[in-house]
Amino acid sequence: MLYRSRGKVDGRKLAFVALVCGGYALFLELKSLEESRREGWWRQKTESQPKVKRNNSGAKNMLIDYNRRFGTERLKVNPNNVDSIKTWYTALAMIDWYLDIGVESLKCEDKQMYDFWSFCQETKFSVQSPCIVYSFGLRIHFEFEDRFAHLGCVVKSFDPSINISGRIKSPNVDFYNIGIGAVNTNVYMPTQPAARTTRKKGPWKLRTLRTILQMQGHQNKILDVLKIDIKSNLWVVLDNILETGAWRQIRHLLLEFNLYPTHPHKEDYVILYRMLTRLREVGFIEYYRSPSSDMVLEDESVYLHRRVSYYNSHLVLDS
């Protein structure tokens, strides 16, 4: 509404109103820019970061072996060129080599076993209080979480398959009956491999890592440790973490990789290998691979179980 004086527009008051409205508009614009900046902090494309290259030449023999078993044409791939990996069996060969034989890139002088997980506590990679640890996938094991709680870390544990909630064992360990997912949903039904090993069959409540960080008030914090043990659902979650840029907040990333005969589908193996390649390219360096549970491959049916520990090379501490 315009200010009027004796039926005419008062120029001075109109200028004042315009100034106020203009200032408020500027405020809204700056607020929008700030929100966009924060959004951009999450959604920067990894292409803006220099890609970290690894030498995959050692995978050549495994590629030859897989092509002999499943291929119908002469092998024409370059293990150092991700775009040349186009068939399910060449992608599976690279996944197999990468998770099993590939040379560890980070030499850690102080590896410790926390439950079933190898963890690097060398000085420049160490976790000390104050620290934040997220653990997804528990079932009945809490040794991993207790170890970090004893270090003085704030530990957040999540598992939608257990019907408990609240504080578990240690005053620094909180448990939440939700899981991590690629989307936010309250009606997720677990895939068959996950369903066979859980008590609560579903539906489950899932939230993305970004949403959980916001729920916990950690959206601008660094996660010292993120452990994900959620069977074959890991692949879609890892894709979401890479796409949203949430990986920038993670120091130690501990993952359990699984392949089953029916999930994920072998037609997706090329995508899965690209995902592993991207994880390395953004700067995650592996320092441990579990030596047990070798991959079983019979008549194109695959079973693989492997734990891998990574460190974010962008977040190395000063020695």
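Our structure is the block above this text.
Residues numbered from 1 in each chain as written. Predicted model: local features only at pLDDT ≥ 70, side-chain atom pairs only at ≥ 80, totals over all residues. Heavy atoms only, no water.

Let us look at the environment of serine 232. On the secondary structure map, serine 232 appears in the loop between strand 12 (223–228) and helix 7 (234–244). Counting along the chain gives 28 residues from serine 232 to tyrosine 260, while the straight-line C-alpha distance between them is 7.6 Å. (Helix = DSSP H or I, 4+ residues; strand = E, 2+ residues; numbered from the N terminus.)

A few words now on the state of the cysteines. Taken as a whole and assessed by the stated rule, the structure comprises two disulfides. Disulfide pairing places cysteine 108 opposite cysteine 120 at an S-S distance of 2.1 Å. Taking the torsion about the S-S bond as the criterion, the cysteine 108 to cysteine 120 disulfide, at about 95°, is right-handed. With cysteine 108 in the loop between helix 3 (88–100) and strand 3 (111–114) and cysteine 120 in strand 4 (residues 117–120), the pair connects residues that are twelve residues apart, well separated along the chain. The two residues cysteine 108 and cysteine 120 agree in class, both being buried. Linked covalently through their sulfurs, cysteine 131 and cysteine 153 form a disulfide whose S-S length is 1.9 Å. What sets the handedness of the cysteine 131 and cysteine 153 disulfide is the S-S torsion sign, and at about -90° it is left-handed. Here cysteine 131 is found in the loop between strand 4 and strand 5 (132–136), whereas its partner cysteine 153 is found in the loop between helix 4 (143–150) and strand 6 (154–158), with 22 residues between them in sequence. The buried category is assigned to cysteine 131, whose relative accessible area is 4%. Cysteine pairing in the chain follows 1-2, 3-4, where each cysteine in a disulfide is numbered by its order in the sequence. (Disulfide = S-S within 2.5 Å. Buried < 20%, exposed > 50% of the residue type's maximum accessible area, 1.4 Å probe, protein only.)

What follows is about the sheet that holds strand 10 (residues 185–188). Strand order across the open sheet formed by three strands is 9-11-10, with mixed pairing between neighbours. Two strands bound the open sheet, and with one partner strand each, they are strand 9 (179–180) and strand 10. (Pairing = 2+ DSSP bridges.)

What follows is about the pairing of strand 12. Most of strand 12 is tucked away, with six of its six residues classed as buried. Looking at chain direction, strand 5 and strand 12 are connected through four bridges and run parallel. Paired with serine 135 across the bridge in strand 12 is lysine 227. Judged from the five bridges that link them, strand 12 and strand 13 (residues 250–259) form a sheet pairing that is parallel. By the bridge assignment, leucine 223 is partnered in strand 13 with isoleucine 250. Where the polypeptide runs from strand 12 across helix 7 and back to strand 13, its parallel neighbour, the crossover connection is right-handed. (Right-handed = clockwise from strand over helix to strand, strands pointing away.)

With that settled, consider the side chain of glutamine 121. With respect to the helices, strands and loops of the structure, glutamine 121 is situated in the loop between strand 4 and strand 5. Separated by 2.7 Å, the side chain of glutamine 121 and the backbone nitrogen of valine 127 make a polar contact. (Polar contact = N/O pair within 3.5 Å; in protein donor to acceptor, adjacent residues only side chain to side chain.)

Cis geometry marks the peptide bond from serine 129 to proline 130; its omega dihedral reads 0°. Checked against the element boundaries, proline 130 lands in the loop between strand 4 and strand 5. Looking along the chain, the bond that leaves histidine 263 and enters proline 264 is cis, with omega of -10°. Within the secondary structure, proline 264 sits in the loop between strand 13 and helix 8 (269–281). We note that lysine 231 has phi near 60°; this positive angle belongs to a residue other than glycine. Relative to the helices and strands, lysine 231 is located in the loop between strand 12 and helix 7. Since its relative accessible area comes to 13%, lysine 231 is described here as buried.

A few words on the pattern of salt bridges. Applying the stated rule across the entire model yields ten salt bridges. With a shortest N-O distance of 3.8 Å, arginine 69 and aspartate 65 are connected by a salt bridge. Separated by four residues within a single helix, arginine 69 and aspartate 65 lie in helix 2 (residues 60–70), roughly one turn from each other. Owing to a relative accessible area of 44%, arginine 69 belongs among the partly exposed residues under this scheme. Among the charged side chains, a salt-bridge network with shared partners connects Asp65, Arg68 and Arg69. (Salt bridge = Lys/Arg side-chain N within 4 Å of Asp/Glu carboxyl O.)

It is worth spelling out the packing of helix 7 against helix 8 at this point. Taken N-terminus to C-terminus, the directions of helix 7 and helix 8 make an angle of 45°; their axes are 11 Å apart at the nearest point. On the basis of their axis angle, the class for helix 7 and helix 8 is oblique. Crossing hand, helix 7 versus helix 8: left-handed. Taken together, the residues of helix 8 that come into contact with helix 7 (itself represented by Trp235, Leu238, Asp239, Leu242 and Glu243) are Leu272, Met275, Leu276, Arg278 and Leu279. Here the contact of helix 7 with helix 8 is built from residues that sort into seven nonpolar, no polar and three charged. (Axes fitted to C-alpha atoms, helices over the stretch in contact; angles between N-to-C directions. Parallel < 35°, antiparallel > 145°, perpendicular 65-115°, else oblique. Left-handed = near helix turned anticlockwise from the far one by under 90°. Contact = heavy atoms within 4.5 Å. Nonpolar A, V, L, I, M, F, W, Y, C, P; charged D, E, K, R; others polar.)

Running from N to C, helix 2 and helix 3 point in directions that differ by 145°, and their axes come no closer than 9 Å. Considering only the axes of helix 2 and helix 3, their crossing is right-handed. Between helix 2, through Met62, Leu63, Tyr66, Asn67 and Phe70, and helix 3, the contact on the second element is made entirely by Trp88, Tyr89, Thr90, Leu92, Ala93, Met94, Asp96 and Trp97. In the contact of helix 2 with helix 3, the residues fall into ten nonpolar, two polar and one charged.

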